[in-house]
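# Structure at a glance
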Amino acid sequence: MSRTDRRLESAGRVTTVEVFFDVVFVFTVTQLTGVLEGDTSWAGFGRIAIILGVLWYPYTGYAWLTNQVPPRHPAQKTTLFAGMAGFLLTSVAIPAAFTDTAVLFAVGFLVVVGVHLIMFSRSAARATAIRLAPYNLAAVLLIGLAALVTGPATYVLWLAAALVQAALPYLAPRFSWIGVAGSYEVAAEHLVERHGLLVIVALGESVVAIGAGVDIHHITAATATAVVMGLALPAALWWTYFMDTRAAASTLAAADPRTRTRLSARTYVLPHYLLLLGIIATATGIHAAVAHPEHPAGTPAAVALAGGVALFLAGTSGAALGLRLGLLPSRVAGALAVLATMAVGISTTARVQLAAIIVVLIGMLLVGPRHPSGRAGIRRH
């Protein structure tokens, strides 16, 4: 067995402390859903998209970190808890992150980035971590500056922070994950499992929030039906996502180390950002449908529900394209059909729109073929 094989094997299954980390991070999703429910305008959606953009890139960094440095020793776990504390502080600050709690968010973000840099600098990929550090620290500086200003400048600095992490490294290939792929030896099954567990926790949290938000003193048959459908929709999204995970694992495992790193970056960064953004918008739409199942959804809620599901499908399709598995026509048709249900929600009731989307997703799952379990054309290492 080669040194590379031993390293990849060392990552093993996702550890319980990583699952705990994901539970803490998903509080971000819960908070963003609450913010979007309070402001379903396009401006409100833009704000939650920027916040998620700033936090998602560090989360992916931690997923890659534990892929390189499995947190098995007490010191590693303790340091990872410090990273969780940083994410918790940013999540608590989310409702007023651009105004009253901007400083709290900036402090939490500094902890998140600092802990990640410290842990990664002790791994075999320390050279790449050092090259990426200026981008991550620049994002910290921009968020800190945003806490000191008001008005449009705040949003400009936040957007710049998101882009400096996620976009600039890819414009300078010699400094990016992709450009120095040899520094990373991705354990395929670990990375696939880690992101799959995150999706499960995020979808599960949306279901819990739906149940917790029901007015138990005014439950009707329509409300109960909407609650059940509020479970059926995330279940259909879960099914859609996990139809692809076996193909993802086998495709990454079959690739040589450099190709595996490139495919992983293309699959688990931008596509999964869209996917999580879709979960947030979908949960917002479901909450509105459960609260007023017999009334028209209204344009903002109808757009959130249909647009969220379409974003989720776009994310899964982007992940498949990142893995070179091809685009399933059923996903494209399903996304278009889901978007068409906006008219249903506006003209009839929220419950009817919710039912229509579930029918579309079930049809898509039944009709659409599965991805192949891997690609023979990708060279094994």
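Residues numbered from 1 in each chain as written. Predicted model: local features only at pLDDT ≥ 70, side-chain atom pairs only at ≥ 80, totals over all residues. Heavy atoms only, no water.

## Digging into the overall build of the protein chain
Counting its secondary structure elements, the protein chain contains 16 helices and 0 strands. In the protein chain, buried positions account for 53% of the 381 residues. Sequence separation of at least 24 residues holds for 83% of the intrachain contacts in the protein chain that already meet a minimum separation of 6. Approximately 15700 Å² of the protein chain is accessible, and the part contributed by carbon and sulfur atoms is 69%. (Helix = DSSP H or I, 4+ residues; strand = E, 2+ residues; numbered from the N terminus. Buried < 20%, exposed > 50% of the residue type's maximum accessible area, 1.4 Å probe, protein only. Contact = heavy atoms within 4.5 Å. Areas by Shrake-Rupley, 256 points an atom, 1.4 Å probe, with all protein chains shown as cover.)

## Concerning helix α10 (residues 221-242)
The end-to-end C-alpha separation of α10 is 32 Å, in line with the 32 Å expected for 22 residues at 1.5 Å each. Every buried residue of α10 is listed here: Ala 222, Thr 223, Ala 226, Met 229, Gly 230, Leu 233, Pro 234, Ala 236, Leu 237, Thr 240 and Tyr 241. Buried residues of α10, seen end-on, are gathered within an arc of 150° and therefore sit on one face of the element. α10 presents Ala 221 and Val 228 as exposed residues on the side facing more than 90 degrees away from its buried surface. (Expected span 1.5 Å × (residues − 1). Arc of directions from axis to C-beta.)

## Thoughts on the pattern of salt bridges
Under the counting rule described, the total for this entry stands at 5 salt bridges. Between Arg 194 and Glu 18 there is a salt bridge, with the nearest N and O atoms lying 3.1 Å from each other. Taken together, the positions of Arg 194 in helix α9 (residues 188-212) and Glu 18 in helix α2 (residues 16-38) put the pair 176 residues apart, joining distant regions of the chain. Among the ionic pairs, Arg 331 bridges to Asp 244, the shortest N-O distance being 3.1 Å. In this pair, Arg 331 is assigned in helix α15 (residues 329-347) and Asp 244 in the loop between α10 and α11 (245-254), connecting sequence segments 87 residues apart. Arg 331 gets classed as buried once you look at its relative accessible area, which sits at 4%. Overall, the relative accessible area of 10% leaves Asp 244 in the buried class. One continuous salt-bridge network, built from bridges that share partners, spans Glu 18, Asp 22 and Arg 194. (Salt bridge = Lys/Arg side-chain N within 4 Å of Asp/Glu carboxyl O.)

## Re the environment of Ala 226
With respect to the element layout, Ala 226 can be found in helix α10. Exposure remark for Ala 226: the relative accessible area of 0% places this residue in the buried category. Other than its neighbours up to four places away in sequence, Ala 226 contacts Ala 289, Val 290, Pro 293 and Leu 354.

## Examining the environment of Leu 141
By the secondary structure assignment, Leu 141 is in helix α6 (residues 126-146). Counting along the chain gives 16 residues from Leu 141 to Leu 157, while the straight-line C-alpha distance between them is 9.5 Å.

## Re the packing of helix α3 (residues 42-68) against helix α7 (residues 152-166)
Relative orientation of the contacting elements α3 and α7 amounts to 35°, with a least axis distance of 9 Å. Along this stretch, α3 crosses α7, giving a crossing that reads as left-handed. Between α3 and α7, the contacting residues are Arg 47, Ile 50, Ile 51, Gly 53, Val 54, Tyr 57 and Pro 58 on the first element and Tyr 155, Trp 158, Leu 159, Ala 161, Ala 162, Gln 165 and Ala 166 on the second. (Axes fitted to C-alpha atoms, helices over the stretch in contact; angles between N-to-C directions. Left-handed = near helix turned anticlockwise from the far one by under 90°.)

## So, the side chain of Thr 33
Relative to the helices and strands, Thr 33 is located in helix α2. Among the polar contacts made by the side chain of Thr 33, one reaches the main-chain carbonyl oxygen of Val 29 at a distance of 2.8 Å. Among all residues touching Thr 33, those that are not within four sequence positions of it are Ile 280, Ala 283, Thr 284 and His 287. (Polar contact = N/O pair within 3.5 Å; in protein donor to acceptor, adjacent residues only side chain to side chain.)

## Quick notes on the nonpolar core
Counting residues in each nonpolar core, the largest one holds 104 residues, and the members touching the most others are Ile 51, Phe 105, Phe 109, Trp 158, Leu 233, Leu 276 and Leu 361. Ignoring anything within four residues of it in the chain, the contact list for Phe 105 reads Ile 51, Val 54, Leu 55, Thr 90, Ala 93, Ile 94, Ala 97, Ile 143 and Trp 158. (Core = buried A, V, L, I, M, F, W, Y, C linked by side-chain atoms within 4.5 Å.)

## So, the environment of Thr 261
Relative to the helices and strands, Thr 261 is located in helix α12 (residues 257-268). Looking at Thr 261, the relative accessible area reads 0%, which means it is buried. Sequence separation of Thr 261 and Glu 185 is 76 residues, and the distance between their C-alpha atoms is 7.1 Å. Only 3.0 Å separates the side chain of Thr 261 from the backbone oxygen of Pro 257, close enough to count as a polar contact.

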